[in-house]
Amino acid sequence: MKEIITQKAENIRGVIRYLQKFKNALIVIYIDENIIESELFLSHIQDISLLHKAGLKVILVPGARKRIDEILSASNIVCQYKDDIRVTSEDAMPLIKMAAFDVSNIIMTSLAANKITAVIGNWVRSRAKGVFDGFDFGTAGEIDKLQIESINTVLNDGFIPIFPCIGWNEAGHPYNISSVSLAQQIAMNLNADKLFYLMESPNLNKDNFLVPDDFPLAQNGDIPAMDLEELDLFVSKNRRAKPDSNSSGKTNVLTLLEKAKVACLNGVSRVHILDGNIDGVLPSEIFSDLGSGTMIYKSNYGGIRPMEQTDIPSVLAIQKPFVEAQKLLPRTEQQLSAELSDFIVYEVDGGVHACAALHLYSDTGVGAGRGDSNPSGGGSECVCGWDQGEIAAVAVEQKFDHMGIGAKMIHFLIEKAKKQQLKSVFILTTQAADVFEKLGFKPDDISTLPQKRKEKWSPERNSKLFRLDLQ
């Protein structure tokens, strides 16, 4: 019972932390047309309404391809697609406008049912796509400019702007534009904190795509996050793959990833690709550390930093299951406080989810104080009498274990030890020998431990020693 309450409390703390972080944040949400027609649509609208009420600024861009195709077909108007762009004659444009605004009205009406006021506007200036290689794209348009001041006015007045997939040139001539590209452009021009693509089963996992080696995966094989370097590897590997029965769907997802990269390079903090067939996917992605979709980010998602005094309760909580499983020695708040400068933590959006330490020793057991080491690992550092370093207390919260955080922290501490010109680093472990051997550590004899550490070694625990030479 205590464990259940503790877990609930941790979840609530996470929500509160994210509420503080994203208060007044701007998010742009593209809603795929298949999601608008799904059973979960009203549930997603309810979640969007709650996000708005929680203080987030929301912009919505609904997809309308299916509705436009239906109306054109009912009117016996034939259209074709070139490079995934709809091409029609001028007489189709009034029907395209009607369909696009029809979908936007569905969104607006559904928000009104949740007591949210939305505004459908013509804030997009566009131009004709024109003729390429002799092919006339007709009524297809490209985004030329957004009326940023007008959009911000709507947002600051507490309304949700809804963007139909229509743009107008300066003469008032309408063009059909891509909703996916429109969402990307809005997010970039307004420096959105987040851009969401709420899709129908994007299936970004190892079962549907080729995943590069050592890629961070969730336990079910899904890809929870990619930085831009990982995105390039993923897209390149799958672009080179032979087509299969689902190649069209995969191509669309890869194109979406490429748009996400462009958005991240142009002012958008993070892009999220979500499965709209999952109820609650939007709040879960925003208000939890790992979310429920695939996040694309440039930097500042998770990182290693020195442990601070206020991190100690979180670190003790992270270590607790490892202590209970006899994988770590128990530590007290006082011990962690005394060894503060030895510890590093891994932080994700302000929450601590992993820890590790580098304890310094001389071969004789005599050396300078701990305060002479630089816990950040940066800059030039003196040797200060240290010869060996012990990498200890490596613990990663279970739900983050798949992200390779433990190895990242160990590599960080190894580099720190090299900068301090240590001869070697060692670890003592009862159950994680394979992990450290994979990282290059070799078995060693307990007699090689520095005297001060040897005195703490317990025959009853019988920890095995592994060492990595640095010189």
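Right, let's walk through the structure included here. Fair warning: this is a prediction, and the values are worked out from it, not measured in the lab.

**As for the overall build of the protein chain**
Here is step 1: Helix and strand counts for the protein chain stand at 15 helices and 23 strands.
Here is step 2: Here the protein chain, with 471 residues, has 47% of them falling under the buried criterion.
Here is step 3: Restricting the contact set of the protein chain to residue pairs at least 6 apart, pairs at least 24 apart contribute 73%.

**Side note on unusual backbone geometry**
Here is step 1: In this structure, Asp 84 is a non-glycine residue whose phi angle is positive, near 65°.
Here is step 2: Take Asp 84: it is sitting in the loop between β3 (80-82) and β4 (85-87).
Here is step 3: If you check the backbone angles, Asn 191 has positive phi at about 50° while not being a glycine.

**A word on the pattern of salt bridges**
Here is step 1: All told, the structure shown has 17 salt bridges when counted by the stated rule.
Here is step 2: Put simply, Asp 84 and Arg 65 hold a salt bridge, and the shortest N to O gap is 3.1 Å. One end of the pair, Asp 84, is in the loop between β3 and β4; the other, Arg 65, is in helix α4 (residues 65-74), and 19 residues separate them in sequence.
Here is step 3: Accessibility expressed as a relative area gives 47% for Asp 84, which makes it partly exposed.
Here is step 4: Across the salt bridge formed by Arg 127 and Asp 144, the nearest N and O atoms sit 3.2 Å from each other. With Arg 127 in strand β6 (residues 124-128) and Asp 144 in strand β9 (residues 141-146), this pair connects stretches of sequence that are 17 residues apart.
Here is step 5: We classify Asp 144 as partly exposed; its relative accessible area is 44%.
Here is step 6: Salt bridges sharing common partners tie together Arg 127, Lys 129, Glu 142 and Asp 144.

**Let's talk about the packing of aromatic side chains**
Here is step 1: Enumeration over the complete set of coordinates arrives at nine aromatic pairs.
Here is step 2: Ring geometry for Phe 209 and Phe 234: centres 5.5 Å apart, planes at 45°, overall tilted. Of this pair, Phe 209 sits in the loop between β13 (194-199) and β14 (225-227) while Phe 234 is found in helix α8 (residues 228-239), placing the two residues 25 residues apart along the sequence.
Here is step 3: Relative accessible area serves as the criterion here: at 6%, Phe 209 is assigned to the buried category.
Here is step 4: By relative accessible area, which is 0% here, Phe 234 ends up buried.
Here is step 5: Chaining the aromatic ring pairs together yields one cluster made of Phe 132, Phe 135 and Phe 137.

**Thoughts on helix α7 (residues 179-189)**
Every α-helix carries 3.6 residues per turn, so stepping three or four residues along brings you back to the same face.
Here is step 1: Where burial is concerned, most of α7 is hidden: nine out of the 11 residues are buried.
Here is step 2: If you check which residues of α7 are buried, you get Ser 179, Val 180, Ser 181, Leu 182, Ala 183, Gln 184, Ile 186, Ala 187 and Met 188.
Here is step 3: At its buried positions, α7 is contacted by β1 (26-31), β2 (57-62), β6, β9, β13 and α9 (247-265).
Here is step 4: The N-cap of α7, judged by a side-chain oxygen 3.4 Å from the amide nitrogen of Val 180 a few residues on, is Ser 178.
Here is step 5: Just downstream of α7 lies Asn 191, where phi reads positive at about 50°.

Scoring rules and cut-offs
- Sequence order as written defines residue numbering, which begins from 1 separately in each chain.
- It should be noted that, the model being predicted, local features are given only for residues of pLDDT at least 70 and side-chain atom pairs only at 80 or more, the latter also being counted only at that level, while totals for whole chains, interfaces and linings use all residues.
- Heavy atoms from the whole structure form the basis of all side-chain values; hydrogens and water molecules are not counted.
- By definition, any uninterrupted DSSP run of H or I lasting at least four residues is a helix, any uninterrupted run of E lasting at least two residues is a strand, and each is numbered from the N terminus.
- Exposure is judged per residue with a 1.4 Å probe applied to protein chains only, and the accessible area is read against the type maximum: over 50% gives exposed, under 20% gives buried, and values in between give partly exposed.
- What makes two residues a contact is simply this: any of their non-hydrogen atoms within 4.5 Å.
- Salt bridges are defined by distance alone: a side-chain nitrogen of Lys or Arg within 4 Å of a carboxyl oxygen of Asp or Glu.
- Stacked, edge-to-face and tilted are the three classes for Phe, Tyr and Trp ring pairs, Trp counted by its six-membered ring, which pair at centre distances within 6.5 Å; planes under 30 degrees apart are stacked, over 60 edge-to-face, the rest tilted.
- Under the rule applied, a polar contact is a pair of N or O atoms within 3.5 Å (in protein, one hydrogen donor and one hydrogen acceptor; residues adjacent in sequence only if both atoms are side-chain atoms).

Just geometry here; none of it tells us what the structure is for.
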